[in-house]
Amino acid sequence: SDLSRFNVAIAEVDYHESWRHAALGIVCVSGSASHARAMIETVTAYIDESRMDALATEVAIDVTSIL
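Described in the following lines is the structure provided in the data block. (Residues numbered from 1 in each chain as written. Predicted model: local features only at pLDDT ≥ 70, side-chain atom pairs only at ≥ 80, totals over all residues. Heavy atoms only, no water.)

## Side note on the overall build of the chain
The test is simple: Helix and strand definitions here come from DSSP, where helices need a minimum of 4 consecutive H or I residues and strands a minimum of 2 consecutive E residues; each element is numbered from the N-terminal end. Any residue under 20% of the maximum accessible area for its type is buried, any over 50% is exposed, and the rest in between are partly exposed; the area is computed with a 1.4 Å probe on protein chains only. Throughout, a residue-residue contact means that at least one pair of heavy atoms, one from each residue, lies within 4.5 Å. Accessible surface area values rest on a Shrake-Rupley calculation with a 1.4 Å probe, where residue burial reflects the displayed protein chains alone. Lys and Arg are tallied as positive, Asp and Glu as negative. Neither His nor the chain termini are counted. Taken as the charge centre is NZ of Lys, CZ of Arg, CG of Asp or CD of Glu, depending on the residue.
In terms of helices and strands, the chain carries one helix and two strands. Referenced to the eigenvectors of the C-alpha coordinate spread, the extents of the chain come out at roughly 40 × 20 × 20 Å. Counting across all 67 residues of the chain, residues that qualify as buried make up 12%. Long-range pairs, those at least 24 residues apart, make up 29% of the contacts in the chain between residues at least 6 apart in sequence. Carbon and sulfur atoms make up 52% of the accessible area of the chain, which totals about 5,700 Å². Side chains of the chain carry 4 positive and 10 negative charges; the gap between the two charge centres is 4 Å.

Here's what the structure looks like:
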């Protein structure tokens, strides 16, 4: 798929029984928090631009750092 060019994992994480709603979890593992955030923002923008049949109503990005 087109999303395979991004170094991320994507899964449907909620609304499994609904054909009208979906919640996607997108994960990027990186040594840099700014790189991870940029990758997630790039993927969400790509989905927003390429899926004219879908409307993103909420986007939340959380960056977790483990030291």
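## Regarding the packing of aromatic side chains
Given two aromatic rings, their pairing is described by the distance between the two centres and the angle made by the two planes. Rules: For this analysis, a ring pair means two rings from Phe, Tyr or Trp (six-membered ring only for Trp) whose centres lie within 6.5 Å, classed as stacked if their planes differ by under 30 degrees, edge-to-face if by over 60, and tilted for the remaining angles. We call a charge positioned above a ring when the Lys NZ or Arg CZ atom is no farther than 6 Å from the ring centre and deviates by at most 35 degrees from the ring normal.
Evaluation of the coordinates by the stated rule reveals one aromatic pair. The cationic tip of Arg 20 hangs over the ring face of Trp 19; the distance from NZ or CZ to the ring centre is 6.0 Å.

## Description of helix α1 (residues 33-50)
Put simply, the rule is: Each helix should span, by expectation, one fewer than its residue count multiplied by 1.5 Å. It is the directions from the helix axis to the C-beta atoms whose arc is reported.
The first and last C-alpha atoms of α1 sit 26 Å apart over 18 residues, in line with the 26 Å expected at 1.5 Å per residue. Listing the buried residues of α1 in full gives Ala 36, Met 39, Ile 40, Val 43 and Tyr 46. The buried side chains of α1 occupy one side of the element, clustering within an arc of 125° when seen end-on. Facing away from the buried surface of α1 by more than 90 degrees, the exposed residues are Ser 34 and Glu 49. Where α1 is buried, its residues contact β1 (9-14) and β2 (23-27).

## With respect to unusual backbone geometry
Phi is positive for Tyr 15, close to 60°, though the residue is something other than glycine. Checked against the element boundaries, Tyr 15 lands in the loop between β1 and β2.

## So, the pattern of salt bridges
Heads up, the condition is: The term salt bridge refers to a pairing of a side-chain nitrogen on Lys or Arg with a carboxyl oxygen on Asp or Glu at a separation within 4 Å.
Overall, the coordinates contain one salt bridge when judged by the stated rule. For the salt bridge of Asp 53 with Arg 51, the shortest nitrogen-to-oxygen distance reads 2.6 Å.

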